[in-house]
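Close look at the chain arrangement
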Amino acid sequence: MVRMGELAVSRSSGDVLVALGLGSCIGLVLVDRAKSIVGLAHVMLPDSSSSPNAPRMKFADHAVPELIRKTVALGTSPLHLQAFLVGGAKMFSFGGSSLDVGARNEEATLAQLEKHRIRVAGKVTAGTSGRTVRVHVDGPRVLCKEAGGQEKELQAA
Amino acid sequence: MTTYSDLELDALRELANIGSGTAATALSQMLGRSIDVSVPKAAALPLAEAVASVGEPELVVVGVVLQVFGDLPGLAVLLFTERDADRVCELLGVEPSTEFATSALQEIGNILCASYLGAIVSMVGLDLQPGPPQIACDMLGSIVESVLLANAATTDIALLLDSDIRIEGEGSAVQFMLIPSDEGVSSLLARLGLGG
């Protein structure tokens, strides 16, 4: 279980990493298909620059590099990783501003991936629906579900 | 990182108790039913734990969210299970799962939130106004998470004032939560003669 602002990696057969009920947060999945190494981060906010005293994993600018580092530490390289993004919905609009945290989370996460030269293989983002993402080490398989819907496997594009 | 003492949490719980009691009276008048209110929970939780404390993250619920403006800025959230949302609509004479049902539930959000905040206003003399209600039917985790994000940049702790408002004889309930921002809570506690 990867809760808000947390991340996890695994290469143990049978393990499933899951982020339940993503709203405007992003579930970032990294997968090395050949070696069955997976990682999942539950990113809450785009960047930490407005809160320098909280170098926490909830921010994309910290969480993405940390997830890459931990995934690579299990014995892969950034070249062999594929990324999947789930979440980044806009469920409510607060404050009357155009501040759409979901979209900004997605943008910040993609920017970090590009910086680390990791290919984005697929995403289920934006819209207004909450989502759950499950990452099975076996396969590896990345499954996404929306409220009341069926679980669907994300295929690498 | 902000933490709250037991005494401060007790004071906030009492405030939530008065707020939800008043909100329950308003709901009782709307629905013509007796309403029970449990003793509210007041908890300051790390964000990672906050969602699970509210409920089962994948449970599909109807959430009505109102932004709170003024001296205690934050968000108010009402959560109904789908069944309870339908039942509340029936009690109001509105057909469930229609446009009318949506606006009826938003109106309940308006009334509960206004009476809850009104009670706090008259007790501590703060200036508080609710914004317009927004509604979503989705996974509990997604709704609560999106709400918590509104304060998340500045804090790692979510303060939840969580009341359970039950309609007697129906087995139906509304979960009413007030999630104030840190700054508002400090000034509120100062006004109550605590903290600061």
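Use the structure listed above.
Residues numbered from 1 in each chain as written. Chains lettered and ligands numbered in written order. Predicted model: local features only at pLDDT ≥ 70, side-chain atom pairs only at ≥ 80, totals over all residues.

Points about the overall build of chain B
When you go through chain B residue by residue, the secondary structure sums to 6 helices and 8 strands. Expected size for 196 residues packed as a compact globule is a radius of gyration near 16 Å; at 16 Å, chain B falls within 12% of this value. Across its three principal axes, chain B shows a C-alpha extent of roughly 50 × 35 × 25 Å. Evaluated residue by residue, chain B yields a buried proportion of 45% over its 196 residues. (Helix = DSSP H or I, 4+ residues; strand = E, 2+ residues; numbered from the N terminus. Rg over C-alpha atoms; globule rule 2.2 N^0.38 Å. Buried ≥ 20, exposed ≤ 12 C-beta atoms within 10 Å, placed from the backbone.)

Considering the overall build of chain A
Per the secondary structure count, chain A includes 2 helices and 9 strands. In chain A, the succession of helices and strands from N to C terminus is β-β-β-β-α-β-α-β-β-β-β. In terms of overall dimensions, chain A is globule-like: its C-alpha atoms have a radius of gyration of 15 Å, near the 15 Å expected for 157 residues. Each principal axis of the C-alpha atoms in chain A carries an extent, and together these give about 45 × 40 × 25 Å. Counting the 157 residues in chain A, one finds 52% classified as buried.

Overview of the packing of helix H1 (residues 6-31) of chain B against helix H4 (residues 99-124) of chain B
All names here are of chain B. With their axes 8 Å apart at the nearest point, H1 and H4 run at an angle of 135 degrees to one another. By the criterion of interaxial angle, the relationship of H1 to H4 is oblique. Both H1 and H4 take part in a crossing whose hand is right-handed. Of H4, the residues touching H1 (which contributes Leu15, Ile18, Gly19, Ser20, Thr22, Ala23, Ala26, Leu27 and Met30) are Ile111, Leu112, Ser115, Tyr116, Leu117, Gly118, Ala119, Ile120 and Met123. Partitioning the contact of H1 with H4 into residue classes produces 13 nonpolar, 5 polar and no charged. (Axes fitted to C-alpha atoms, helices over the stretch in contact; angles between N-to-C directions. Parallel < 35°, antiparallel > 145°, perpendicular 65-115°, else oblique. Left-handed = near helix turned anticlockwise from the far one by under 90°. Contact = placed C-beta atoms within 7 Å. Nonpolar A, V, L, I, M, F, W, Y, C, P; charged D, E, K, R; others polar.)

A few points about the interface of chain A and chain B
Opposite the 27 residues of chain A that make contact, chain B presents 24 residues. Considering only residue class, the side of chain A that touches chain B consists of 13 nonpolar, 10 polar and 4 charged.

Some details on helix H2 (residues 47-54) of chain B
Among the residues making up H2 of chain B, those that are buried are Leu47, Ala50, Val51 and Val54 of chain B. The buried residues of H2 of chain B occupy an angular sector of 90 degrees when projected down its axis, which confines them to one face. (Arc of directions from axis to C-beta.)

Focus: the nonpolar core
Grouped together as the largest cluster of nonpolar side chains are 114 residues, with contacts concentrated most on Leu28, Val29 and Leu40 of chain A together with Ile179 of chain B. A per-element tally of this core places H4 of chain B first, with 10 residues. When residues no more than four places from it in sequence are discounted, the contact partners of leucine 40 of chain A are Val2, Leu7, Ala8, Leu17, Ala19, Gly27, Val29 and Val135 of chain A. (Core = buried A, V, L, I, M, F, W, Y, C linked by C-beta atoms within 7 Å.)

Some points on the sheet that holds strand E9 (residues 152-153) of chain A
Taken together, the 4 strands give an open sheet; going across it, the order is E2-E7-E8-E9 (chain A), and neighbouring strands pair in antiparallel fashion. The sheet is open, and its two borders are formed by strand E2 (16-22) and E9 of chain A, each paired with just one other strand. (Pairing = 2+ DSSP bridges.)

A short note on the packing of helix H1 (residues 60-73) of chain A against helix H2 (residues 101-115) of chain A
Residue and element names in this part refer to chain A. Between H1 and H2, the shortest axis-to-axis distance is 9 Å and the interhelical angle comes to 40 degrees. Between H1 and H2, the interaxial angle falls into the category oblique. Classified by chirality, the crossing of H2 by H1 is right-handed. Counting all contacts with H1, which are made through Ala60, Asp61, Val64 and Pro65, the residues of H2 involved are Asn105, Ala108, Thr109, Gln112 and Leu113. Class assignment of the residues belonging to the contact of H1 with H2 gives a composition of 5 nonpolar, 3 polar and 1 charged.

Here we look at the pairing of strand E5 (residues 82-87) of chain A
Residue and element names in this part refer to chain A. Of all 6 residues making up E5, 5 are buried, and the element is well covered by its neighbours. Pairing analysis gives 6 bridges linking strand E3 (residues 26-32) to E5, with the strands arranged antiparallel. Within E5, the position partnered with isoleucine 26 by the bridge is glycine 87. Here E5 runs beside strand E6 (residues 119-125); their pairing, made up of 6 bridges, is parallel. What sits directly across from phenylalanine 84, in E6, is glycine 122.

Focus on the sheet that holds E5 of chain A
Backbone hydrogen bonds hold the strands of a sheet together, and the pairing may be parallel or antiparallel. Residues and elements named next belong to chain A. Strand order in the open sheet made by the 5 strands is E1-E4-E3-E5-E6, with mixed pairing throughout. Since the sheet does not close on itself, it has two edges, and those belong to strand E1 (7-10) and E6, each with one partner. Averaged over all adjacent pairs, the angle separating strand axes in this sheet is 15 degrees, with direction ignored. Sheet contacts for H2: E3, strand E4 (37-43), E5 and E6; angle to E3, the most-contacted strand, approximately 25 degrees.

A few points about the environment of methionine 44 of chain A
Residues and elements named next belong to chain A. Turning to its location among the elements, methionine 44 is positioned in the loop between E4 and H1. Look at methionine 44 and you get buried, because 27 C-beta atoms sit within 10 Å. For the pair methionine 44 and alanine 60, spaced 16 residues apart in sequence, the C-alpha separation works out to 7.4 Å.

Considering the environment of phenylalanine 84 of chain A
All names here are of chain A. Relative to the helices and strands, phenylalanine 84 resides in strand E5. Sequence spacing of phenylalanine 84 and glutamate 6 is 78 residues, and the spatial spacing of their C-alpha atoms is 17 Å. Not counting chain neighbours up to four residues away, the residues in contact with phenylalanine 84 comprise Val29, Ala121, Gly122, Lys123, Val142 and Leu154.

Without other data, these values stay purely geometric and don't point to any function.
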